[in-house]
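Architecture at a glance
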Amino acid sequence: MTGRLRLLMSGMLLLWAALAFRLVHVQWRQHRTFSEHAVAQQALNETIPARLGDIVDRHGRLLATTARTQSLFVDPSKIAEPEVVAAILAEPLGLEAAGLARRIARNQHRKFLWVKRHLSEWEVDRIYGLELGEPVWGLREEFRRVYPQGSLAAHVLGWRNIDGVPQAGLERTLNTLLQGTDGQRTLVRDARGYVIEVLQEVTQPPRHGGTVTLTLDATIQRIAEGRLDHLVANWNPRSVSAVVLDPQTGEILAMGCRPTFDPARPAAGRAEAWTNHAVSSAYEPGSTIKPCLMAWAVDRRLVSPSETFACNGTYRMGRRLLHDHRAFGTLDVAGIITFSSNIGMAQIGQRLGNERLRAAVRDFGFGRRTGVELPGESAGIVRPLEAWDDFSTGSIPMGQEIAATPLQMIAAHAALANGGLLITPHLVLRDRGKASNREPTGVLATKILDPSTARWMVTGPMVEVVRRGTARKAAIDGLTVFAKTGTAQKYDPATGAYSTDRYVTSCLCGAPADAPRLLVLVTVDEPTSKDAPFGGKVAAPAASDILRRALDALRSPPPSDRLFRMAADTFQHTVNADPSSRR
Amino acid sequence: MRLTRDAFILTILMLLGVGLMMVLSASITSRPSANEQIYLSRHLLFLGIAVAAGGTAALLPAWFWQRSAPWAFAATIALLVLVLVPGVGTEVNGARRWLRFGPLSLQPSELAKVTLPLFLCWGIDRRRDRFGQIAVATPPLIPIALTVFLVLQEPDLGTSVFLCLISMICLFVAGWPLWQFMLAGGLVVPLAAGLVALKPYQRDRIEGFLAAWRDFDQAPYQIQQSLTTLGVGGGAGVGLGRGWQKLSFLPEANTDFVFAVIGEELGLIGTLGVITLWVALFLIGLRLLTRLPQRSFAYAASITLLTQLVLQAAVNACVVTALLPPKGIPHPLISYGGSSLLMSLVALGIILSLSRDTEPISDRVNPHQSPER
């Protein structure tokens, strides 16, 4: 072998030796690194979305649920002729071809574009029947929020956007209970993204969202909302709201507003319709607040129930001259409430003084959020004591200079109806005595009045209001109804004075007086009428109608509920009968 | 002698066997289709044709190759010109490298890998005694320059560089004077530097290759995938037919990057095994060919062809392991593809033909003397 050949041979062997070393390095020493890289590019973690939980009323009737739907998307980057694809897709989906073509053309740099979401089954069938290039389109399974009762309780439930993100109402505040936890599975895919295999062993199943039971009663809710529609038709107000509350427990059985919206298509109406006036709007309460302050004064023994006050139509208070709409003569405490005398209340205010007046207002929860499970709750307005002057001493007792939400107002009255406990009004049904971490907020009960004072106010003066006072239209045959109406002139920022033609009228009523089961508050903002639309005329018939029919509904609950209650009672009896369960 | 020959042929058959196995495995795709079977049956068809052609080449007498060398080279040059004619040569990705005749296609530059060394040896053999004179030693550079120029026009930088390398090895083995190498080197180095600066896409490719050493994520996709595929295999591999990477992540899995698939499925054992086969082929071949008279056409031509083939395998393996920049060069005898398989087996057939007759050169170069023996 010549020298040249030896050189050639050595060179070649050196080259192969270098290769062998390189292979040992890549395949042996870097094996782990490259294996990880390979797994990373082959494995695809796919989220299995958790189903949103249902929202049901106290009897298990569905208010919000979730359905599976298909949504159609295209890959615009793979579409050479948007007009052709748009023309094929538009007709079966009921879309406009030219607009769709423009959307595809505009997004041609992207790889994903929704064509139409939440298709009907019929649309899905038609899409499968179309002849489209395979990589151009796809269907993705999505969840769609469905509200089986339509717009019923829309303001309480709230709504979600198309991606399921909660925007308002209980959907927002209870989202952590409703949304569950997404699952995950690992797929093996190839470089083109086709799924080759699903690795079952690493699948993390989704935890679907839980069902939330509300205190609402769909029947009572429907009664209340029907009555609201009636009020809108008759009085054409800016807004109107109704709340039905169980004063003993703080459970809200109905809460509704007008104007309203369809939670499935919230964008269809005006955005103002989304406001839940029962918790987000604060009004000067007017006379409706009078029983609360009077009861507080009696409870603190600052006024005796037998005391009388001169109410002769006009009353001078410093530089201010107060008027009642007529001269009542001498009125006792019950009479002041019955006839809603401003002059009588002003004298109570003078008796209390600003400091105690403010304490009374705060004791009833005004100026503080109630804590209901709804977003955007207003605290109302109770100004600091420094801002109160001797004018306030006369104004506050007649429900001016402060602002309260309808929910604050009904909660305050519930404290009178239940014997003196201020209970957090709430919408999520408590788990029948069992402690549950699913309850988003605590329900507090604060004793603010002596039971005897509270009972006296409800069974005495407030029953008189219905018998011979301002709320005679609230009377119901066969029932002792207690009530208070209010007609507050609206403050006009333009003139800096109270308006003479714009009012907020309200009526609070409850029954039966000796053991109140329900309270109803109807608030009408700016009813339009030729003569003064007093609360007794506008709101009282509506409130008492809701009260009467709601009490009827309570007496005949749906069958499933009766069975449930019977079963629960039987269970209770069994436990109590078992001596070993007693400590 | 007979044993060496048999061992040489056995090594070739083993490499072909590995190729058959890997073409079947590497053609499996993530979406099963009839194409997978088509790859295997077409590979078998190519193999049949290539073995027949290689066998024919081996059976032809040695003098045939010496006599036909100038004609074969002339034909190659003609085809290299033809492929540049618009409308005749088929353009793929901006390069005009292919001649297609219906279902058949041919890369003239593949042909040049065999005919250029043969022609160089033919020329040298005629002037061997006068190598000392510069006027005699320089002419071999002319066909080299012509071929390389034509291939660069396609453009095909990788093959041009490879042809230069093969030509130099040929001249080296043939006993070309060393001072001529220095002269040629003086010409080639500035030329090569100029070439690199020429085409932006070629520069990008080389820069991308260099980036792979600094930052893996910056490396070209095929280098990333090739190294990943090899690395997944580890020592023993994931098992034949069980590779994931080839399913679509690794481009050209059954052609230029088949070596990486061997690495994934058969591991280090597989890749080092293939290396061993190539080294064995080279050493056995040298043992077979060094018996030829050193100053003969057969000696220089056969050793050059053997070196060319083994070097091609090494270059392919270097590309797969990111030791060389990506270059569309298949792994001889193993990659799927008719052109490469045919030319490889014809080259091996020529080596066998040239090695068969170990008679002195004077007896073989003159065909008219043969019948008298």
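**A look at the overall build of chain A**
- Counting secondary structure elements, chain A contains 19 helices and 19 strands.
- The proportion of buried residues among the 583 residues of chain A is 51%.

**A short note on the sheet that holds strand S10 (residues 251-258) of chain A**
Residue and element names in this part refer to chain A.
- Strand order in the open sheet made by the five strands is S10-S9-S19-S18-S17, with antiparallel pairing throughout. The open sheet has two edge strands with one neighbour each: S10 and strand S17 (482-492). Across the sheet, the mean angle separating the axes of adjacent strands is 15 degrees when strand polarity is ignored.
- Looking at chain direction, strand S18 (residues 497-511) and strand S19 (residues 518-525) are connected through eight bridges and run antiparallel. Each bridged residue has a counterpart across the sheet, and for Thr505 the counterpart in S19 is Val524.
- The sheet strands contacting helix H9 (residues 218-235) are strand S9 (239-246), S10 and S19, and the helix crosses S10 at an angle near 25 degrees.

**Considering unusual backbone geometry**
Residue and element names in this part refer to chain A.
- Backbone torsion omega between Arg258 and Pro259 reads 0 degrees, so that peptide bond is classified as cis.
- Within the secondary structure layout, Pro259 lies in the loop between S10 and helix H10 (277-280).
- Residues Ala511 and Pro512 are joined by a peptide bond in cis, for which omega reads -15 degrees.
- Topologically, Pro512 is positioned in the loop between S18 and S19.
- Here the phi dihedral of Ala153 falls at roughly 60 degrees; this positive angle occurs in a residue that is not glycine.
- Within the element layout of this structure, Ala153 appears in the loop between strand S5 (137-146) and helix H6 (154-157).

**Brief notes about helix H13 (residues 342-363) of chain A**
Residue and element names in this part refer to chain A.
- In this model H13 runs just 22 Å from its N-terminal to its C-terminal C-alpha over 22 residues, more than 12% under the 32 Å that 1.5 Å per residue would give.
- The largest bend in H13 is about 105 degrees, located at Gly353.
- If you check the start of H13, you find a side-chain oxygen 3.3 Å away from the backbone N of Ile343, and it comes from Ser341.
- Phi turns positive, to about 90 degrees, at Gly365, one or two residues after H13.

**Some thoughts on the packing of aromatic side chains**
- Summed over the entire model, instances satisfying the criterion amount to nine aromatic pairs over all chains.
- Both rings, one in Trp159 of chain A and one in Trp274 of chain A, keep their centres 4.7 Å apart while their planes meet at 50 degrees; by these two values the pair is tilted. In this pair, Trp159 of chain A is assigned in the loop between H6 and helix H7 (169-173) and Trp274 of chain A in the loop between S10 and H10, connecting sequence segments 115 residues apart.
- Taken together, a centroid distance of 5.5 Å and an interplanar angle of 20 degrees make the contact between Phe119 of chain B and Trp122 of chain B stacked. Remark: Trp122 of chain B and Phe119 of chain B occur in helix H4 (residues 108-127); sequence separation between them is three residues, near one turn of the helix.
- You can call Phe119 of chain B buried: its relative accessible area is 18%.
- Taken together, the aromatic side chains of Phe73, Phe112 and Trp114 of chain A make up a single cluster linked through ring pairs.
- Here the guanidinium or amino end of Arg4 of chain A rests over the ring plane of Phe172 of chain B, the centre of that ring lying 5.1 Å away.
- Over the face of the ring belonging to Phe339 of chain A we find Arg326 of chain A, whose NZ or CZ atom lies 5.6 Å from the ring centre.

**Let's talk about helix H2 (residues 31-42) of chain A**
- For H2 of chain A, built from 12 residues, the straight-helix expectation of 16 Å at 1.5 Å per residue is met to within 8% by its first-to-last C-alpha distance of 16 Å.
- Burial in H2 of chain A covers these residues: Phe34, Ala38, Gln41 and Gln42 of chain A. Here the buried residues of H2 of chain A occupy an arc of 95 degrees about the axis, which is enough to place them on one side. Across H2 of chain A from its buried face, at more than 90 degrees, point the exposed residues Arg32, Glu36, Val39 and Ala40 of chain A.
- Elements in contact with the buried residues of H2 of chain A: helix H1 (3-29), strand S1 (43-48) and strand S6 (183-189) of chain A together with helix H10 (221-233) of chain B.

**What about the side chain of Thr229 of chain B?**
- Structurally, Thr229 of chain B is set in helix H10.
- Every residue in contact with Thr229 of chain B, bar those within four places of it in the chain, is listed here: Gln245, Leu250, Ala260, Val261, Gly263 and Glu264 of chain B.

**As for the nonpolar core**
- Counting residues in hydrophobic clusters, the biggest one holds 118 residues, and the most contacted among them are Leu214, Phe364 and Val522 of chain A.
- Top contributing element to this core by residue count: helix H18 (residues 535-555) of chain A, with 11 residues.
- Here this core spans two domains, and each of domain 1 (44-68 + 139-213 + 559-583) and domain 2 (218-432 + 440-555) of chain A adds at least three residues to it.
- The residues touching Leu214 of chain A, leaving out its near neighbours within four places in the chain, are Ile55, Val56, Asp57, Arg58, Leu63, Leu157, Leu170, Leu174, Leu427, Val428 and Leu429 of chain A.
- Residues Phe119, Ile169, Ala300 and Val315 of chain B belong to the second largest nonpolar core, which totals 112 residues.

**Some thoughts on the interface of chain B and chain A**
- Taken together, the contact between chain B and chain A spans 55 residues of the former and 35 residues of the latter.
- In this assembly, chain B and chain A are joined by zero salt bridges.
- Summed over the shared surface of chain B and chain A, the number is nine residue pairs in polar contact (both at pLDDT 80 or more).
- Sorting the residues of the side of chain B that touches chain A by element identifies helix H7 (157-174), helix H8 (178-198), H10, helix H11 (258-289) and helix H12 (297-320) of chain B as the ones contributing at least two each.
- Counting residues per element, the side of chain B that touches chain A draws most heavily on H11 of chain B, at 12 residues.
- Looking at the side of chain B that touches chain A residue by residue, the classes come out as 36 nonpolar, 18 polar and one charged.

Conventions used here
Residues numbered from 1 in each chain as written. Chains lettered and ligands numbered in written order. Predicted model: local features only at pLDDT ≥ 70, side-chain atom pairs only at ≥ 80, totals over all residues. Heavy atoms only, no water. Helix = DSSP H or I, 4+ residues; strand = E, 2+ residues; numbered from the N terminus. Buried < 20%, exposed > 50% of the residue type's maximum accessible area, 1.4 Å probe, protein only. Pairing = 2+ DSSP bridges. Axes fitted to C-alpha atoms, helices over the stretch in contact; angles between N-to-C directions. Contact = heavy atoms within 4.5 Å. Expected span 1.5 Å × (residues − 1). Bend = angle between axes of the 7 residues up to and from the residue. Polar contact = N/O pair within 3.5 Å; in protein donor to acceptor, adjacent residues only side chain to side chain. Phe/Tyr/Trp six-rings, centres within 6.5 Å; stacked < 30°, edge-to-face > 60°. Lys NZ or Arg CZ within 6 Å of the ring centre and 35° of its normal. Arc of directions from axis to C-beta. Core = buried A, V, L, I, M, F, W, Y, C linked by side-chain atoms within 4.5 Å. Domains from an automatic or database assignment. Salt bridge = Lys/Arg side-chain N within 4 Å of Asp/Glu carboxyl O. Nonpolar A, V, L, I, M, F, W, Y, C, P; charged D, E, K, R; others polar.

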